[in-house]
Amino acid sequence: MRVTVTSLREMKQRGEPITVLTAYDAPTARVLDEAGVEVILVGDSVGNVVLGYENTLPVTMDEMVHHTAAVVRGTKNAFVVFDMPFLSYQASLEDAVRNAGRAIKETGCHGVKLEGGGAQNARITEALVRTGIPVMGHLGLTPQSVHQLGGFKVQGKALAAARRMVAEAIELEKAGAFSIVLECVPWRLAQAVTERLQVPTIGIGAGPRCDGQVLVTHDMLNLSGRTPPKFVRVYADLQRTMKTAVKKYITEVRSGTFPADEHSFSMPEGVIESLPKGAGGNRRTAAKKR
């Protein structure tokens, strides 16, 4: 059965932790879905994790639509969230509604995520919810504002910043957000925000007191090609596994042990002998015979 906004809120009420992971393609989404993850976030992190960009800022709506549609096709149960890319919603309410509507219509996803708080994002959230689009908020370290924040740093340590984050979280909830991501936030502040909200909080680098947790799947599987952030636990080293497998493949191809007979197809006797004779020859085959 498909996870819904209602079932996520009920999980918070029961004190049942919510699991969230990222995916950018159908095969990964299928694995996460079958494993039982409640929410799959198609993050704009696709930019630096998959597409080779330096950060998330160059990611376009077209790229997000392409990857999110693939993820939706790979799921049966998870709630799929479309991460709205930079400048797809900040310029105006009209842009926000049009682009978020496109996300829902063209991908089949179940909600969108917006970075940042403040009156403007609260108005955008309210407009989208009024249109019928579920919205996930995102406070703390917001990668789309990395230049304004002065880099990837923990947010909300000072009293004024902590008060602002609490106020912005409450404002987003009032605007209709169904959940709020808290990224790189001191755990006690994340706990304070969580206790003040009826909607679930999803932490990433925000400690254990949030209602759920999210990680970039490529980080937890050591596939991102970067040193994982402090808040990531690496659950499997698939980069090493893949390199070992590829090196073995290269060795077997070069040594002639792959493909073997069991990887090859046969045909009826006499067919080859009946083929017309050619003037040339296969140098590789001839070299093997010698």
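Given the structure is predicted, the values throughout are model-derived calculations rather than measurements.

Some words on the overall build of the protein
Part 1 of the argument: Helix and strand counts for the protein come out as twelve helices and eight strands.
Part 2 of the argument: The C-alpha atoms of the protein give 25 Å as radius of gyration, which overshoots the globular expectation for 290 residues (19 Å, by more than 25%).
Part 3 of the argument: Judged by the C-alpha coordinates and their principal axes, the protein covers about 85 × 40 × 35 Å.
Part 4 of the argument: By the burial criterion, 46% of the 290 residues in the protein qualify as buried.
Part 5 of the argument: Taking the contacts inside the protein whose residues are at least 6 apart along the sequence as the reference set, 56% of them involve residues at least 24 apart.
Part 6 of the argument: Just so you have it, the protein exposes about 16300 Å², and 55% of that area is on carbon and sulfur atoms.
Part 7 of the argument: The positive charge centre, built from 35 side chains, and the negative charge centre, built from 29, are 5 Å apart in the protein.

Re the nonpolar core
Part 1 of the argument: Counting 36 residues, the largest nonpolar core has Ile40, Val71, Phe82, Met84, Val112, Leu114 and Leu128 as the members making the most contacts within it.
Part 2 of the argument: Elements supplying a minimum of two residues to this core: helix H2 (26-35), strand S2 (39-42), helix H3 (46-49), helix H4 (61-73), strand S3 (79-83), helix H5 (93-107) and helix H6 (118-131).
Part 3 of the argument: For this core, the element with the highest residue contribution is H4, accounting for five residues.
Part 4 of the argument: Once residues within four sequence positions are removed from consideration, Met84 is found in contact with Asp44, Met61, Tyr89, Ala96, Asn99, Ala100, Val112, Lys113, Leu114 and Gln144.

Considering the pattern of salt bridges
Part 1 of the argument: Under the counting rule described, the total for this entry stands at nine salt bridges.
Part 2 of the argument: The salt bridge partner of Arg102 is Asp62, with a shortest N-O separation of 2.6 Å. Placement of Arg102 in helix H5 and of Asp62 in helix H4 is noted, with a sequence separation of 40 residues between them.
Part 3 of the argument: Residue class for Arg102 comes out partly exposed when judged on its relative accessible area of 23%.
Part 4 of the argument: With a shortest N-O distance of 3.1 Å, Glu106 and Arg102 are connected by a salt bridge. Taken as a pair, Glu106 and Arg102 lie in helix H5 at a separation of four residues, close to a single helical turn.
Part 5 of the argument: Through salt bridges with shared partners, a single ionic network connects Asp62, Arg102 and Glu106.

Some details on the pairing of strand S7 (residues 201-204)
Part 1 of the argument: The alternating pattern of S7 places Thr201 and Gly203 and Ile202 and Ile204 on opposite faces, both of which are buried.
Part 2 of the argument: Following the backbone out of strand S6 (residues 179-183), through helix H9 (residues 187-195) and into the adjacent parallel S7, one traces a crossover that is right-handed.
Part 3 of the argument: The pairing of S7 with strand S8 (residues 212-215) spans two bridges and is classified as parallel. Bridge pairing links Ile202 to Gly212 in S8.

Some points on empty space enclosed by the protein
Part 1 of the argument: As enumerated under the stated definition, the model contains one cavity of 30 Å³ or more in all.
Part 2 of the argument: Quantified by volume, the largest cavity comes out at close to 30 Å³.
Part 3 of the argument: Forming the boundary of the largest cavity are Leu8, Ile18, Val20, Val39, Met136, Phe178, Ser179, Pro200 and Ile202.

Here's the deal with the sheet that holds S3
Part 1 of the argument: The sheet built from eight strands closes into a barrel, its strands ordered S1-S2-S3-S4-S5-S6-S7-S8 with parallel pairing. Pairs of neighbouring strands in the sheet enclose a mean axial angle of 25 degrees, with direction left out of account.
Part 2 of the argument: The pairing of strand S5 (residues 135-140) with S6 spans five bridges and is classified as parallel. Note that in S6 the partner of Leu139 across the bridge is Leu182.
Part 3 of the argument: The strands touched by H4 are S2 and S3; relative to S3, the strand with the most contacts, the crossing angle is about 170 degrees.

Considering unusual backbone geometry
Part 1 of the argument: Going from Phe258 to Pro259, the amide bond is cis rather than trans, its omega being 0 degrees.
Part 2 of the argument: As for its position among the elements, Pro259 is in the loop between helix H11 (238-255) and helix H12 (283-289).
Part 3 of the argument: In this model, Leu87 sits at a positive phi of 65 degrees, which is unusual for a non-glycine residue.
Part 4 of the argument: Judged by relative accessible area, which is 53%, Leu87 ranks as exposed.
Part 5 of the argument: Although it is not a glycine, Asn222 adopts a positive phi angle of roughly 55 degrees.

Cut-offs applied
Residues numbered from 1 in each chain as written. Predicted model: local features only at pLDDT ≥ 70, side-chain atom pairs only at ≥ 80, totals over all residues. Heavy atoms only, no water. Helix = DSSP H or I, 4+ residues; strand = E, 2+ residues; numbered from the N terminus. Rg over C-alpha atoms; globule rule 2.2 N^0.38 Å. Buried < 20%, exposed > 50% of the residue type's maximum accessible area, 1.4 Å probe, protein only. Contact = heavy atoms within 4.5 Å. Areas by Shrake-Rupley, 256 points an atom, 1.4 Å probe, with all protein chains shown as cover. Lys, Arg positive; Asp, Glu negative; His and termini not counted. Charge placed at Lys NZ, Arg CZ, Asp CG, Glu CD. Core = buried A, V, L, I, M, F, W, Y, C linked by side-chain atoms within 4.5 Å. Salt bridge = Lys/Arg side-chain N within 4 Å of Asp/Glu carboxyl O. Right-handed = clockwise from strand over helix to strand, strands pointing away. Pairing = 2+ DSSP bridges. 1 Å grid on protein atoms, 1.4 Å probe; cavity = no way out; pocket = protein on both sides within 12 Å on 5 of 7 lines; lining within 4 Å. Points joined across faces, edges and corners; volume = space filled by probe spheres on them. Axes fitted to C-alpha atoms, helices over the stretch in contact; angles between N-to-C directions.

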